[in-house]
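Residues per chain, in single letters:
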Amino acid sequence: MTNKSQYNLLTCISMIVGVVIGSGIFFKSDNILMATNGNIFLGVLAFCIAAISIIFGSLTLSELAARTDKPGGIVSYAEDAYGNGAACALGWFQLLLYYPTTIAVVCYVVGIYTCMLFGITATLKTQMIIGIIVALAIIVVNILTKQVATYFQTAATFIKLIPLFLIGIAGFLFGNPSSAVTVTSPELVSGSWLSALIPIVFAFDGWIVATGISHNVRNAKKNVPLALIISPLIILFMYLLYFVGMSVYLGPEAIMSSGDHHVELATASLLGPWAAKGILVFVIISVVATANGLATALFQVPYSLAIRNMFPASPKIVQINKKYNVPLYSYIIGGLIMFFWILVHYVTQAYNILPNSDISEIAVTLNYVLFIGLYYEVLRLAFKGEIKSFFKGKVTPILAILGSLIILYVGFQNKLFIVYVLICACILVSAYIYYHRKNGTVSETLPTED
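Residues numbered from 1 in each chain as written. Predicted model: local features only at pLDDT ≥ 70, side-chain atom pairs only at ≥ 80, totals over all residues. Heavy atoms only, no water.

Caption draft 1: Representation of the packing of helix α3 (residues 40-65) against helix α11 (residues 220-250) within the structure. Viewed as axis vectors pointing N to C, α3 and α11 meet at an angle of 175°, and their least axial separation amounts to 9 Å. Looking at the two axes, α3 sits roughly antiparallel to α11. The residue makeup of the contact of α3 with α11, split by class, is 21 nonpolar, 4 polar and 1 charged. (Axes fitted to C-alpha atoms, helices over the stretch in contact; angles between N-to-C directions. Helix = DSSP H or I, 4+ residues; strand = E, 2+ residues; numbered from the N terminus. Parallel < 35°, antiparallel > 145°, perpendicular 65-115°, else oblique. Nonpolar A, V, L, I, M, F, W, Y, C, P; charged D, E, K, R; others polar.)

Laid out in structure tokens, this is it:
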């Protein structure tokens with residue numbers, strides 16, 4: 001079996017912060033400002049509203065995390081709350097939609113910033129080829145030397161904070177901070193600025209990875225809840241520092257017109273062209289770390305499902321490769337699904353099927369909708385008296401549910417939302433039927449780790 005103690009609290013926090021901070025904030029800032037018509041204050045307000053679902057969602061799930069250290073994270077939580085069929089459905093959604101679509105977009109973002117760094121003509125095909133190379137490298141490194149991937153994740157977390165901190169502070173020192181408090185805007189009345197929540201939720205997404213690696217965390221019942229509480233607060237602070245600092249330094253119009261190039265534009269203006277290249281290196285490391293963290297969680301999902309007999313060829317998937325000490329088939333399955341969605345992402349971008357959006361945003365939205373069931377379980381435990389704290393047992397899950405409902409409302413604005421919901425429903429129903437047809441009503445007992 002994999003070594004249960006390979007991740008400590010610092011690594012767990014680094015995994016969450018490292019996955020969340022790394023891509024979204026760098027290439028979604030222009031989308032946020034476009035949604036608010038360049039109003040910085042409304043962008044900050046949208047960040048704070050989105051943070052409700054993230055921070056209180058983390059606090060709520062930390063109550064479930066403290067009750068188990070079984071492999072699977074949220075799959076385990078759903079299993080304990082609603083049974084094996086529901087756990088199988090949620091696991092299939094994570095495996096087939098949520099993780100791989102997000103990884104596909106993040107690998108593409110690596111291609112964007114790599115082209116900027118080396119002055120390569122930034123065609124979609126070139127960016128996607130670079131993304132594919134990065135995805136392959138992540139798979140190989142995680143299989144051959146998992147410890148190196150872990151060290152990289154921790155180191156990259158601290159590296160990626162450098163550009164956020166420098167740009168944020170420089171913006172306040174050399175920009176016009178008073179522009180951030182302007183609130184007069186038609187969008188405030190119409191509510192159209194709420195569409196900024198979708199790119200912000202993408203920028204915040206990834207915190208759930210801590211639950212996916214919980215069985216590899218030392219003292220998981222204590223450290224995973226701590227990581228789920230501490231990490232979102234760090235992330236919110238750094239995001240607001242960067243977003244406001246960048247916006248008041250360059251100005252919203254410059255960010256919206258330059259798009260994903262606004263990072264290079266700001267750093268070149270502040271530090272000169274060569275220093276800007278250095279910052280781009282940090283950004284690329286940051287984005288690669290995000291992809292690596294998400295992939296680390298993805299690779300565990302087939303294994304977590306297989307030990308519960310919730311996936312085809314489960315006996316083969318649960319086998320631990322003696323040479324590499326990982327469930328090799330689990331990694332291969334995760335990798336193949338990643339590449340499928342990379343191809344889908346290429347098609348949607350090439351034919352502009354999702355303007356000002358991408359394949360991951362709806363999956364992220366639906367992920368929060370599915371979490372509502374887990375938030376309700378915490379409420380149920382509180383009313384049963386198993387969670388004594390009024391704040392942890394009732395206030396936090398209610399606010400988490402509210403945050404998810406707000407995200408759902410905004411998600412309806414996407415023209416393909418209903419299509420994606422139908423795809424998601426097909427996967428959930430198929431998984432539920434598969435489990436019960438294969439296993440009937442007999443409960444499976446999880447194998448104990450050595």
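Caption draft 2: Structural detail: the nonpolar core. One finds Tyr 113, Phe 204, Trp 207, Tyr 239, Tyr 368 and Leu 374 to be the most contacted residues of the largest nonpolar core, which totals 144 residues. Excluding its chain neighbours within four sequence positions, the residues that come into contact with Tyr 239 are Val 20, Ile 21, Ile 25, Phe 47, Ala 203 and Phe 204. (Core = buried A, V, L, I, M, F, W, Y, C linked by side-chain atoms within 4.5 Å. Buried < 20%, exposed > 50% of the residue type's maximum accessible area, 1.4 Å probe, protein only. Contact = heavy atoms within 4.5 Å.)

Caption draft 3: Seen up close, a nonpolar patch on the surface. A cluster of nonpolar side chains, Ile 162, Phe 165, Leu 166, Ile 169, Leu 173 and Phe 174, forms an exposed patch at the surface whose accessible area comes to about 590 Å². Tracing the sequence through the fold places Ile 169 in helix α7 (residues 146-174). (Patch = residues over 30% accessible without salt bridge, like charges linked within 9 Å, V, L, I, M, F, W, Y side chains within 5 Å. Areas by Shrake-Rupley, 256 points an atom, 1.4 Å probe, with all protein chains shown as cover. Salt bridge = Lys/Arg side-chain N within 4 Å of Asp/Glu carboxyl O.)

Caption draft 4: Region of interest: helix α13 (residues 262-271). All buried positions along α13 are accounted for by His 262, Val 263, Ala 266 and Thr 267. The buried residues of α13 occupy an angular sector of 125° when the element is viewed end-on, so they sit on one face. (Arc of directions from axis to C-beta.)

Caption draft 5: Spatial organisation of the pattern of salt bridges. Going through the model one piece at a time under the given rule, you end up with 4 salt bridges. In this structure, the salt-bridge partner of Glu 63 is Arg 67, at a minimum N-O distance of 3.6 Å. Arg 67 sits in the partly exposed class, given a relative accessible area of 35%. For Glu 79, the salt bridge identified is with Arg 308, shortest N-O distance 3.0 Å. Here Glu 79 is found in helix α4 (residues 74-82), whereas its partner Arg 308 is found in the loop between α14 (273-306) and α15 (314-317), with 229 residues between them in sequence. Relative accessible area serves as the criterion here: at 1%, Arg 308 is assigned to the buried category.

Caption draft 6: Broad picture of unusual backbone geometry. The phi angle at Asn 37 is positive, at roughly 60°, despite the residue not being glycine. Asn 37 gets classed as exposed once you look at its relative accessible area, which sits at 52%.

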